[in-house]
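Reading the structure
Now for the letters of each chain:
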Amino acid sequence: MDFGFRCPVILCLTLAVLASVLADLDDTLMGAPGSSVRLSENDPGLKKALKFAEERYNMGSNTMHVRRVSKILSASKQLVKGIRYSIMVELSNTQCKKAARLMTCDFYPEEHNLKTEVCVFEVWDIPWESKSTLLKQKCQPAVDPKPVETNKVEFLSLSTSKPVEETEYFVELLGQFKEFMVRYNRTYSSQEDTDWRLRIFHENLKTAEKLQSLDLGTAEYGVTKFSDLTEEEFRTLYLNPLLSQQNLQQSMKPAAMPHGPAPPSWDWREHGAVSPVKNQGMCGSCWAFSVTGNIEGQWFVKTGKLVSLSEQELVDCDTVDQACGGGLPSNAYEAIEKLGGLETETDYTYTGKKQSCDFTTDKVTAYINSSVELSKDENEIAAWLAENGPVSVALNAFAMQFYRKGVSHPLKIFCNPWMIDHAVLLVGYGERQGKPFWAIKNSWGEDYGEQGYYYLYRGSRLCGINKMCSSAIVN
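Predicted, not measured: the structure shown is a model, and the values here were computed from it.

Let's shift gears to the overall build of the protein chain. Within the protein chain, the secondary structure is distributed over nine helices and 17 strands. Every one of the 475 residues in the protein chain was classed for burial, and the buried ones make up 52%. Here the contacts in the protein chain between residues at least 6 apart in sequence split such that 72% fall between residues at least 24 apart. A total accessible area of about 22,500 Å² is found for the protein chain, and carbon and sulfur atoms account for 52% of it.

Quick look at unusual backbone geometry now. Residues other than glycine seldom take positive phi values, yet asparagine 185 does so here, at roughly 55 degrees. Its identity as a non-glycine residue notwithstanding, glutamine 451 has a phi of 55 degrees, on the positive side. As for its placement among the helices and strands, glutamine 451 is situated in the loop between β15 (435-441) and β16 (453-457).

Further remarks concern the side chain of histidine 422. As for its placement among the helices and strands, histidine 422 is situated in strand β14 (residues 422-432). Among the polar contacts listed, one links the side chain of histidine 422 to the side chain of asparagine 442, at a separation of 2.7 Å.

The next subject is the pairing of strand β5 (residues 131-141). Within a regular strand, the side chains alternate between the two sheet faces. Across 10 bridges, the pairing between strand β4 (residues 117-126) and β5 is antiparallel. For aspartate 125, the partnering residue across the bridge sits in β5 and is serine 132. Turn length for the β4-β5 hairpin, with the two strands adjacent in sequence and antiparallel, is four residues, and the turn residue serine 130 shows positive phi of about 55 degrees.

This next bit is on the pattern of salt bridges. Two side chains carrying opposite charge are able to pair once their charged atoms lie near each other. The tally for this structure, following the rule as stated, stands at 19 salt bridges. Close ionic contact of glutamate 450 with arginine 432 constitutes a salt bridge, the shortest N to O distance being 3.0 Å. Placement of glutamate 450 in the loop between β15 and β16 and of arginine 432 in strand β14 is noted, with a sequence separation of 18 residues between them. Among the charged side chains, a network of salt bridges with common partners joins Lys278, Glu296, Glu311 and Glu345.

For the structure on display, the rule yields four disulfides. Two residues share a disulfide in this structure: cysteine 283 and cysteine 324, whose sulfurs sit 2.0 Å from each other. Judged by the torsion about the S-S bond (-95 degrees), the cysteine 283/cysteine 324 disulfide is left-handed. Of this pair, cysteine 283 sits in the loop between β9 (266-267) and α6 (286-303) while cysteine 324 is found in the loop between α7 (312-317) and α8 (329-339), placing the two residues 41 residues apart along the sequence. With relative accessibility at 0%, the residue cysteine 283 sits in the buried group. Classification of cysteine 324 as partly exposed rests on a relative accessible area of 24%. Cysteine 286 carries a free sulfur, and the closest cysteine sulfur to it, the one in cysteine 283, is 9.0 Å from it.

Right, let's get into the environment of glutamate 345. Within the element layout of this structure, glutamate 345 appears in the loop between α8 and β10 (370-373). Residue classification places glutamate 345 among the buried positions, given a relative accessible area of 17%. With 34 residues separating them in the primary sequence, glutamate 345 and glutamate 311 have C-alpha atoms 7.4 Å apart. Among residues more than four places away in sequence, those in contact with glutamate 345 are Lys278, Ser308, Leu309, Ser310, Glu311 and Tyr350.

Moving on to the packing of aromatic side chains. Scanning the model with the defined rule gives 22 aromatic pairs in all. Aromatic pair phenylalanine 398 and phenylalanine 402: ring centres 6.1 Å apart, planes at 70 degrees, arrangement edge-to-face. On the basis of relative accessibility, which here comes to 2%, the residue phenylalanine 402 falls in the buried class. Ring geometry for tryptophan 444 versus tyrosine 448: centroids 5.0 Å apart, planes at 85 degrees, classification edge-to-face. Overall, the relative accessible area of 1% leaves tyrosine 448 in the buried class. Within the aromatic cluster, the residues linked to one another by ring pairs are Phe226, Phe234, Tyr238, Tyr403, Trp444, Tyr448 and Tyr454. The lysine or arginine in question, arginine 432, covers the ring of phenylalanine 437, its NZ or CZ lying 5.7 Å from the ring centre. Looking at arginine 432, its charged tip hangs above the ring of tyrosine 455, at a distance of 4.2 Å from the centre.

Reading the values: rules and limits
- Residues numbered from 1 in each chain as written.
- Predicted model: local features only at pLDDT ≥ 70, side-chain atom pairs only at ≥ 80, totals over all residues.
- Heavy atoms only, no water.
- Helix = DSSP H or I, 4+ residues; strand = E, 2+ residues; numbered from the N terminus.
- Buried < 20%, exposed > 50% of the residue type's maximum accessible area, 1.4 Å probe, protein only.
- Contact = heavy atoms within 4.5 Å.
- Areas by Shrake-Rupley, 256 points an atom, 1.4 Å probe, with all protein chains shown as cover.
- Polar contact = N/O pair within 3.5 Å; in protein donor to acceptor, adjacent residues only side chain to side chain.
- Pairing = 2+ DSSP bridges.
- Salt bridge = Lys/Arg side-chain N within 4 Å of Asp/Glu carboxyl O.
- Disulfide = S-S within 2.5 Å.
- Phe/Tyr/Trp six-rings, centres within 6.5 Å; stacked < 30°, edge-to-face > 60°.
- Lys NZ or Arg CZ within 6 Å of the ring centre and 35° of its normal.

Structural data, given as structure tokens:
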């Protein structure tokens, strides 16, 4: 069921009416959707919601007498495609019998006749449609200070069932968005920006659902830290458009063939050749992370020492590539040879933006002698990796924006192998639940994917994973 933000009929009308409704809301509500605002007992909207809740309560109860709110314990409201009121009150018996239909109903003067309950109501009000819905009712006798939910939760609507279904959908959507904002520490500059990000979030959820339904592997797609970015923003901030431009590729000498076939599985993390997952930030410097990861592995294989090397040195000092605007591993290898090597991450710290080159030859910790291009056969790539070390590779990263865990096997329509746009590091391969995979070290932090790793189906040249495999050579 799609209650998407369609324009112009639904979206434009809703936004126009919301603009008038927002004037009636507290200023503190103008933050993230779903942010709660406490209310005073005199709030007109609260009074309306309480009256509606009372009516629905009395319609559904089997008591002889009408009950009214005798005390407001707490009240708040939220912006949820309308206004959602959360109210805790005391309800007490009046002297009016339900059948009497009297205009005024006084409470019993005797306390033992009041039979007070503590109730929690959630009322969803759409002022511009004159519709209200009782989302939830929890009641317990006042002698117990902890109200508990009744066996039957009322979910009534004044109109058809569609607004109820729509309510459920958008309440769930806003709950997911609020959880996303809290988890990834998102704040937005205005209500308009928040609304815009919510719409993007919604569209991305639908894309993730489509990926999920068509995936041929075991992957889980859904909310990630990139869920409030458009595809264009994601590509601009985190990917590398230069990788797919064949005319920019420099020819590299071919790597020597591996001495034997690939073992059934291999993981360089288990052999100490892989440094912790790093984070490129909002900078298209994946090419630098892919190359330094490869050299870290090569240096370990030759010396037995794992050293975290500097990506910032490449961002600042590689004059051929374009820093955060993208680059090519082949250029990076050449730049490192000309510079004389790489400093450590500690000596030349990553900032995620281009600065003036501050390279010092005295601080070089690792060097390379040359670089090679690997075969495009995945079996040969696996054999070379197991024999020589982690491999710098590139791939189409469209599905990666929504990847959470498992072995990813997107359809080709989502993962065109000729449109590679992200450089990463192959550190191993194996099989899970009958699915052969590549273990890929990414550079988007440990809060991405499986502790910073992406697992891609192996054996069908998926997402162009075999097209740009390379490695430095350390003699």
